[in-house]
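# Overview (structure and organization)
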2 protein chains.
Amino acid sequence: MIKLNYLFVLGSTLLLIGCTEQSKQVTQKPIKSNDVISIQQQGTFAVGGTVKKSPGEFDPIAHGAFNPSNQSNVGQTLHGDHASVLYQIPTEPRNLPLVFWHGYGQSMRTWQSTPDGREGFQSIFLKKRFPVYLLDQPRRGLAGQSSAPKTIEARTEDQLWFGIFRMGEGVNFYPDIQFSKDPEALNQFFRRSTPDTGPLSINLNIDAVTALFEKIGEGILVTHSHSGGQGWSTALKNDRIKAIVAYEPGSNFIFPDNDIPDPIAYVGGTLSAKGIPAEEFKKLTKIPIVIYYGDYIPETEVENPGQDQWRAALRMAKKWTKAVNDAGGDVSLVVLPEIGIKGNTHFPMSDLNNQQIADLMYDWLKEKELN
Amino acid sequence: MIKLNYLFVLGSTLLLIGCTEQSKQVTQKPIKSNDVISIQQQGTFAVGGTVKKSPGEFDPIAHGAFNPSNQSNVGQTLHGDHASVLYQIPTEPRNLPLVFWHGYGQSMRTWQSTPDGREGFQSIFLKKRFPVYLLDQPRRGLAGQSSAPKTIEARTEDQLWFGIFRMGEGVNFYPDIQFSKDPEALNQFFRRSTPDTGPLSINLNIDAVTALFEKIGEGILVTHSHSGGQGWSTALKNDRIKAIVAYEPGSNFIFPDNDIPDPIAYVGGTLSAKGIPAEEFKKLTKIPIVIYYGDYIPETEVENPGQDQWRAALRMAKKWTKAVNDAGGDVSLVVLPEIGIKGNTHFPMSDLNNQQIADLMYDWLKEKELN
């Protein structure tokens, strides 16, 4: 009776098994309490943003008909450039919520189901009783409305990102990778990417995340990749950020302007650091920070640019860690394979071992008494 | 200690009250069980979609460096045109899930928190123990990756949509409207709009929603506005859709091709019907369908185009209801003010009385033994 399109057959099988088990659970056996997520409140909101206004006065009679090819905008506004937030607050919540901020080309999907359909950090940390806030940064995903125009080019780039995200080279996975070989997992992974709907603006992003912490109060910021560097800058603006967990920061490292390291060249580009006043930089010493990097980061130059850029990022992150700690800070940098956790891509939070990665993060929060 | 930006102060107050009460609940009083949402499984996935491939063979060494201004796409793919889905399955779930499909310019946010921060249909129906699936249709929101390019123009259009969504005229709300006068509610409402990230394609939308039902099995489709007409077409393709609840369908009404009604003119445009083979049309008689319209729909022509187009939509919906029922179908059309429910905008599911609107829908499901 059930005909499945080839593309969906594997994911569908997983879900159908889920549904069958679910009915069984209801009728035949009780659901184990540690399998259940108990939510006292959940919802969504927009935060931050700008309002753009066109000159003139809007006339609902003259300008009120929809005509996509000949639209008047006299006297009208556009609300854009906000972040869009999904939150869930469990029963018996811990004090500090986790705020999850995605990376370049990604969205809140980074923290939701894994590409192979298991629980992501959203549900894992809810079960650990943390309130969770997931955001789409301005001009991305559900925060799509932008005050500035942009052409989306629909370029074919899957294999470029497969390399940069350290899944493998070309179309071949690295050996022993923590990523499902089920083709549906890769299909799901590629479909998580979503384009910018306006020019990327780090300042708008930082403003929106700052506004989010102004709204929700104290919390822990969890960043990934491109949001890592933006996370440091957001913490400078906002003393409600009580800790940062950064997965694989790749750029926008900030240093005291009297001690900026030299740019680091890699195959295909150069990673530069940015200077800020030393007094400003010191704010980063006030909160505990942990940085995690996955596997397959070379120690010396390799010819594959997608892989080699992470050699530069890791080297810069080590300099940054030393700079903050030398100023009195508390930054830990963990290279996962160095502590025996191997095979992680650029997305440890959604890799096959993401429960182990989450436990590691939880242990760090506990050690810092943030749990 | 807490400084709040003016723009966020009202929404923030609501949330802060929520947080305070939440701590109190934990330490001072038990949470009432009917306030808690108990989830056995939640997650996200992409469904449907296409894969575009550029000619040639990708070389990770030659083409693997990211350079946004000079990107090679030789031999690469793009996975796009899928829908993006968020689902939650409560403990002790009912048999048939609800699949929520948004309207034009909107996203799954339609069914999440209301603009004034209360529970939307997602949480309301979860508490009624329905599994819920919320989708962003292809090329919208979190389903942003499109196989075809598009320029997003960032046009100021808030007041145009304020009129078309029957909130009021110009910048003035209609009297007795079921929408909060708190300026933050309107701010949140405008920020829920999100642009198409590729050319709007009704066929891609229908394909993705069909694929969703192929994946999850039988369910009830809940549409809004632009997805209403697309919903009828999706039901023709998919016998897993066991009922349709349509809020304010506005276009794409399909009729037997031997009995297509004349186009209906309104101020600013014309609403036409589309013909399909009469045998095909008969499929719509196999499932129960309910259609709801809100308030402020004129019976005779008015000069405001934003308002007048709904006169045409309602008239066409009545013809459509009669056509399906004459063929042996089971369609109910409910004009809310005619049953004493007044003040609803184009978004009854998120208006101030949305609990009442949800109860009405639940009663209909119960009457049809779909609960």
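The rules behind each value
- Residue positions are given per chain, counted from 1 along the sequence in the order it is written.
- Starting at A for chains and at 1 for ligands, labels are handed out in the order in which the entities are written.
- Totals for whole chains, interfaces and linings use every residue, but because this is a predicted model, local features are given only for residues with pLDDT of at least 70 and side-chain atom pairs only at 80 or more, for both listing and counting.
- Only hydrogens and water are set aside when side-chain values are computed; all heavy atoms of the structure are taken into account.
- To get an axis, a line is fitted to the C-alpha atoms, and for a helix only the part in contact is used. The angle between two axes follows their N-to-C directions and goes from 0 to 180 degrees.
- Helix numbers and strand numbers start at the N terminus; a helix is a DSSP run of H or I with at least 4 residues, a strand a run of E with at least 2.
- In this scheme, roughly parallel covers angles under 35 degrees and roughly antiparallel covers those over 145, while 65 to 115 is roughly perpendicular and the rest are oblique.
- It is the rotation of the near helix from the far one that decides the hand of a crossing: anticlockwise by less than a right angle makes it left-handed, clockwise makes it right-handed.
- Residues count as neighbours in contact if any of their non-hydrogen atoms are within 4.5 Å of one another.
- When accessible area is computed with a 1.4 Å probe and restricted to protein chains, residues below 20% of their type maximum are described as buried, those above 50% as exposed, and intermediate ones as partly exposed.
- Per residue, pLDDT captures the predictor's confidence, and it can take any value from 0 to 100.
- Least squares is the method used to superpose the copies, on C-alpha atoms of residues holding a pLDDT of at least 70 in both.
- Ring pairs are drawn from Phe, Tyr and Trp, using the six-membered ring of Trp, whenever the two centres fall within 6.5 Å, and their geometry is named by plane angle: stacked under 30 degrees, edge-to-face over 60, tilted for the rest.
- When two components associate, each loses some accessible surface as probed by a 1.4 Å sphere; the sum of these losses over both components is called the buried area.
- Salt bridges are defined as contacts in which a side-chain nitrogen from Lys or Arg sits within 4 Å of a carboxyl oxygen from Asp or Glu.
- As used in this structure description, the phrase polar contact means that two N or O atoms lie within 3.5 Å; if the pair is within protein, one of them must be able to donate a hydrogen and the other to accept it, and residues adjacent in sequence are counted only when both atoms belong to side chains.
- When DSSP locates at least two bridges between a pair of strands, those strands are taken to pair.
- The length a helix should cover is 1.5 Å for every residue beyond the first.
- As used here, the arc is the angular range of directions from the helix axis to the C-beta atoms.
- Joining through side-chain atoms within 4.5 Å is the link that ties buried Ala, Val, Leu, Ile, Met, Phe, Trp, Tyr and Cys residues into a set, and such a set is a nonpolar core.
- With the strands pointing away from the viewer, any crossover whose connection runs clockwise from the first strand over the helix to the second is right-handed.

## Examining the packing of helix α6 (residues 202-216) of chain A against helix α7 (residues 226-237) of chain A
Residues and elements named next belong to chain A.
- At their nearest, the axes of α6 and α7 sit 9 Å apart, and the two run at 55° to each other. By the angle between their axes, α6 is oblique relative to α7. When the axes of α6 and α7 are compared, the crossing they make is right-handed. Where α6 abuts α7, its residues Ile202, Asn205, Ile206, Asp207, Val209 and Thr210 lie against His226, Gln230, Ser233, Thr234 and Lys237.

## Thoughts on the environment of B:Gly56
Residue and element names in this part refer to chain B.
- Relative to the helices and strands, Gly56 is located in the loop between β1 (37-53) and α2 (60-63).
- What makes Gly56 exposed here is its relative accessible area of 52%.
- The spacing of Gly56 and Asn73 is 17 residues in sequence and 8.8 Å in space, taken between C-alpha atoms.

## Here's the deal with the confidence of the model for chain A
- On average, residues of chain A score 91 in pLDDT, and 91% of them are at 70 or above.
- Scored below 50 in pLDDT, residues 1-29 of chain A makes 38 contacts in the model with residues more than four places away or belonging to other chains.

## Some remarks on the relation of the copies chain B and chain A
- Superposing chain B onto chain A requires a rotation of 180° together with a translation of 0.0 Å along the rotation axis, leaving an RMSD of 0.0 Å. Both copies of the chain, as the preceding transformation shows, are related through a two-fold rotation axis.
- Most of the interface of chain B is mirrored in chain A: 99% of its interface residues are interface residues there too.

## Notes on the packing of aromatic side chains
- Evaluation of the coordinates by the stated rule reveals 51 aromatic pairs over all chains.
- Both rings, one in A:Phe45 and one in A:Tyr87, keep their centres 5.8 Å apart while their planes meet at 45°; by these two values the pair is tilted. Taken as a pair, A:Phe45 in strand β1 (residues 37-53) and A:Tyr87 in strand β2 (residues 77-90) lie far apart in primary sequence, 42 residues in all.
- The class of A:Phe45 is buried, set by a relative accessible area of 7%.
- Three or more aromatic residues joined by ring pairs make a cluster, and in this case those are A:Phe66, B:Tyr104, B:Trp161, B:Phe162, B:Phe165, B:Phe173, B:Phe179, B:Phe189, B:Phe190 and B:Phe347.

## Overview of the interface of chain B and chain A
- At the interface, 111 residues of chain B touch 112 residues of chain A.
- Contact between chain B and chain A buries roughly 9,400 Å² in total, counting both sides, with carbon and sulfur atoms accounting for 53%.
- Taken as a group, B:Leu142, B:Thr156 and B:Arg191 account for 9% of the area that chain B buries against chain A, more than any other trio of residues on that side.
- Run the count over chain B and chain A and you get zero salt bridges.
- The tally of links from chain B across to chain A stands at 45 residue pairs in polar contact (both at pLDDT 80 or more).
- Among the elements that line the side of chain B that touches chain A, the one with the most residues is β1(B), at 15 residues.

## Focus: the pairing of strand β4 (residues 132-136) of chain A
Residues and elements named next belong to chain A.
- The element β4 is extensively covered by neighbouring structure, given that five of its five residues are classed as buried.
- A two-sided burial pattern is seen for β4, the buried positions comprising Val132, Leu134 and Asp136 on one face and Tyr133 and Leu135 on the other.
- As paired elements, β2 and β4 share five bridges and run antiparallel to each other. Bridge pairing in β4 links Leu86 to Leu134.

## Thoughts on helix α10 (residues 354-367) of chain B
All names here are of chain B.
- Its 14 residues give α10 an end-to-end C-alpha distance of 20 Å, which sits within 8% of 20 Å, the value for a rise of 1.5 Å per residue.
- Every buried residue of α10 is accounted for by Asn354, Ile357, Ala358, Met361, Tyr362, Trp364 and Leu365. Buried residues of α10, seen end-on, are gathered within an arc of 160° and therefore sit on one face of the element.
- Residues of α10 that are buried sit in contact with β3 (98-101), α3 (121-127), β8 (219-224), β9 (241-247), β14 (288-293) and β15 (330-335).
- Residue Glu369 follows α10 closely and has a positive phi angle near 55°.

## A short note on the nonpolar core
- Of all hydrophobic cores here, the largest spans 194 residues; its most connected members are A:Phe121, A:Phe125, A:Trp320, B:Phe121, B:Phe125 and B:Trp320.
- Those residues in contact with A:Phe125 that sit more than four places away from it in its chain are A:Leu98, A:Phe100, A:Phe130, A:Val132, A:Ala358, A:Met361 and A:Tyr362.

## A short note on the pairing of β14(B)
All names here are of chain B.
- Across the six residues of β14, six count as buried, placing the element largely inside the fold.
- Of the two faces of β14, the one lined by Pro288, Val290 and Tyr292 and the one lined by Ile289, Ile291 and Tyr293 are each fully buried.
- In the sheet, β9 pairs with β14 via four bridges, with the strands oriented parallel. For Tyr247, the partnering residue across the bridge sits in β14 and is Tyr292.
- Judged from the six bridges that link them, β14 and β15 form a sheet pairing that is parallel. Each bridged residue has a counterpart across the sheet, and for Tyr293 the counterpart in β15 is Val335.
- As for the winding sense of the linkage, the β-α-β connection from β14 through helix α9 (residues 305-326) to β15 is right-handed.

## Structural notes on the pattern of salt bridges
- Applying the stated criterion across every chain, the model contains 30 salt bridges over all chains.
- Measuring nitrogen to oxygen at the nearest pair gives 3.3 Å for the salt bridge that ties B:Lys237 to B:Asp207. Taken together, the residues span a long stretch of sequence, with B:Lys237 in helix α7 (residues 226-237) and B:Asp207 in helix α6 (residues 202-216) at a distance of 30 residues.
- For B:Lys237, a relative accessible area of 53% corresponds to the exposed category.
- B:Asp207 gets classed as partly exposed once you look at its relative accessible area, which sits at 40%.
- Put simply, A:Glu153, A:Arg155 and A:Glu157 are held in one network by salt bridges that share partners.

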